[in-house]
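Residue strings, one per chain:
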Amino acid sequence: MDYPTSGIFPSPHRSEDQRGPWKTGLLVSVSSAAEAQLAASSKVHLIDIKQPRNGALGAATPETWMEIMEVLPADTVISIALGEAPQADTGARIPSGVRFVKVGPAGCTGVAMLRH
């Protein structure tokens, strides 16, 4: 996997030499368009779409992804949780504009399960 060398989040507090290629930012998890609008108006660095009622990495529906993404500025850094690997819909069509997708390892009995 290639990691960015320029970092993701701007930080005025430390120089590039002090912080390395990654920078600290604020991630806010949302499960609705209203929550996403509030987070975006607060200038968070990353908006994470998930449904916590479905677990720590609980997946929201693709319809919810789209509703949330429609209210966010185009340059918003977005991640989506797909759930734990055995139940995750890893074949889901991820919308353009999503920077990260997260899948948890709970219930996996080996590396092969993580690769499906």
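Only a predicted model underlies this, so the values are computations on that prediction, with no experimental measurement involved.

Rules behind the numbers
Here the residue numbering is sequential within each chain, running from 1 through the sequence in written order. This being a predicted model, a pLDDT of at least 70 is required before a residue's local features are given, and a value of 80 or more before pairs of side-chain atoms are given or counted; all residues contribute to the totals for chains, interfaces and linings. Derived side-chain values reflect all non-hydrogen atoms in the structure, with water molecules and hydrogen atoms excluded from consideration. What is meant by a nonpolar core is a set of buried Ala, Val, Leu, Ile, Met, Phe, Trp, Tyr and Cys residues, joined one to another through side-chain atoms within 4.5 Å. Only protein chains enter the calculation, and the probe is 1.4 Å; a residue is then buried if its accessible area is under 20% of its type maximum, exposed if over 50%, and partly exposed in between. Secondary structure elements follow DSSP: runs of H or I of four or more residues count as helices, runs of E of two or more count as strands, with numbering from the N terminus. Pairing of N or O atoms within 3.5 Å defines a polar contact, subject to two protein rules: one partner must be a possible hydrogen donor and the other a possible acceptor, and residues neighboring in sequence count only if both atoms are side-chain atoms. Throughout, a contact is declared for two residues whenever any of their heavy atoms are within 4.5 Å. What counts as a salt bridge is simple: a side-chain nitrogen of Lys or Arg found within 4 Å of a carboxyl oxygen of Asp or Glu. Buried and open spaces are told apart on a 1 Å grid over the protein atoms alone, a cavity being a set of points where a 1.4 Å probe fits but cannot get out and a pocket being an open set with protein on both sides within 12 Å along at least five of seven lines. Residues with an atom within 4 Å of a point are the lining residues. Grid points are joined across faces, edges and corners, and a volume is the space filled by probe spheres set on the points. Put simply, Ala, Val, Leu, Ile, Met, Phe, Trp, Tyr, Cys and Pro go in the nonpolar bin, Asp, Glu, Lys and Arg in the charged bin, and everything else, Gly too, in the polar bin. What makes two strands pair is DSSP finding at least two bridges between them. A crossover counts as right-handed when, viewed with the strands pointing away from the observer, the path leading from the first strand over the helix to the second turns clockwise.

**Q** An account of the nonpolar core is requested, with residue identities and associated values reported.
**A** Counting residues in each nonpolar core, the largest one holds 17 residues, and the members touching the most others are Val30, Ile49 and Trp65. Of all elements in the fold, only helix H2 (33-41), strand E2 (46-49), helix H3 (62-71) and strand E3 (78-84) reach the threshold of two or more residues within this core.

**Q** Tell me about the side chain of serine 79, and name the residues and values.
**A** Counting through the fold element by element, serine 79 comes out in strand E3. Here aspartate 48 takes part through its side chain, which lies 2.6 Å from a polar atom of the side chain of serine 79. Sequence-distant contacts of serine 79, defined by excluding residues within four places in its chain, comprise Leu46, Ile47, Asp48, Ile49, Val98, Phe100 and Lys102.

**Q** I'd love a proper account of the pattern of salt bridges, names of residues and values included.
**A** Considering all chains together, one arrives at two salt bridges under this definition. Note that aspartate 48 and lysine 50 form a salt bridge whose closest N and O atoms lie 4.0 Å from each other. This pair shows no difference in class: aspartate 48 is buried, exactly as lysine 50 is. Between aspartate 48 and lysine 102 there is a salt bridge, with its nearest N and O atoms 2.7 Å apart. Pair noted here: aspartate 48 is in strand E2 and lysine 102 is in strand E4 (residues 98-104), with a separation of 54 residues, a long-range link.

**Q** With reference to specific residues and values, describe unusual backbone geometry.
**A** Look at lysine 43: it is not a glycine, yet its phi comes out positive at around 65°. Its place among the elements puts lysine 43 in the loop between H2 and E2. Overall, the relative accessible area of 67% leaves lysine 43 in the exposed class.

**Q** I'd like a rundown of the layout of surface pockets, residues and numbers included.
**A** Considered as a void within the structure, the largest pocket measures approximately 220 Å³ in volume. As for the largest pocket, its lining consists of Ala40, Ser41, Lys43, Val44, His45, Ile47, Pro73, Asp75, Thr76 and Val77. When its residues are assigned to classes, the lining of the largest pocket shows five nonpolar, three polar and two charged.

**Q** Could you give an account of the environment of tryptophan 65, with specific residues and numbers?
**A** With respect to the helices and strands, tryptophan 65 occurs in helix H3. A relative accessible area of 2% places tryptophan 65 in the buried class. With 33 residues separating them in the primary sequence, tryptophan 65 and valine 98 have C-alpha atoms 9.6 Å apart. Other than its neighbours up to four places away in sequence, tryptophan 65 contacts Ile49, Ala60, Ile80, Leu82, Ala92, Arg93, Ile94 and Pro95. In this structure the side chain of tryptophan 65 is engaged in a polar contact, spanning 3.3 Å, whose partner is the backbone oxygen of alanine 60.

**Q** Can you break down the pairing of E2 residue by residue, with the values?
**A** Two faces belong to every sheet, and in a regular strand the side chains alternate between them. Neither face of E2 is left uncovered, since the one carrying Leu46 and Asp48 and the one carrying Ile47 and Ile49 both have all their residues buried. Pairing between strand E1 (residues 27-30) and E2: four bridges, direction parallel. Within E2, the residue paired with valine 28 across the bridge is isoleucine 47. Each parallel crossover has a hand, and the one from E1 via H2 to E2 is right-handed.

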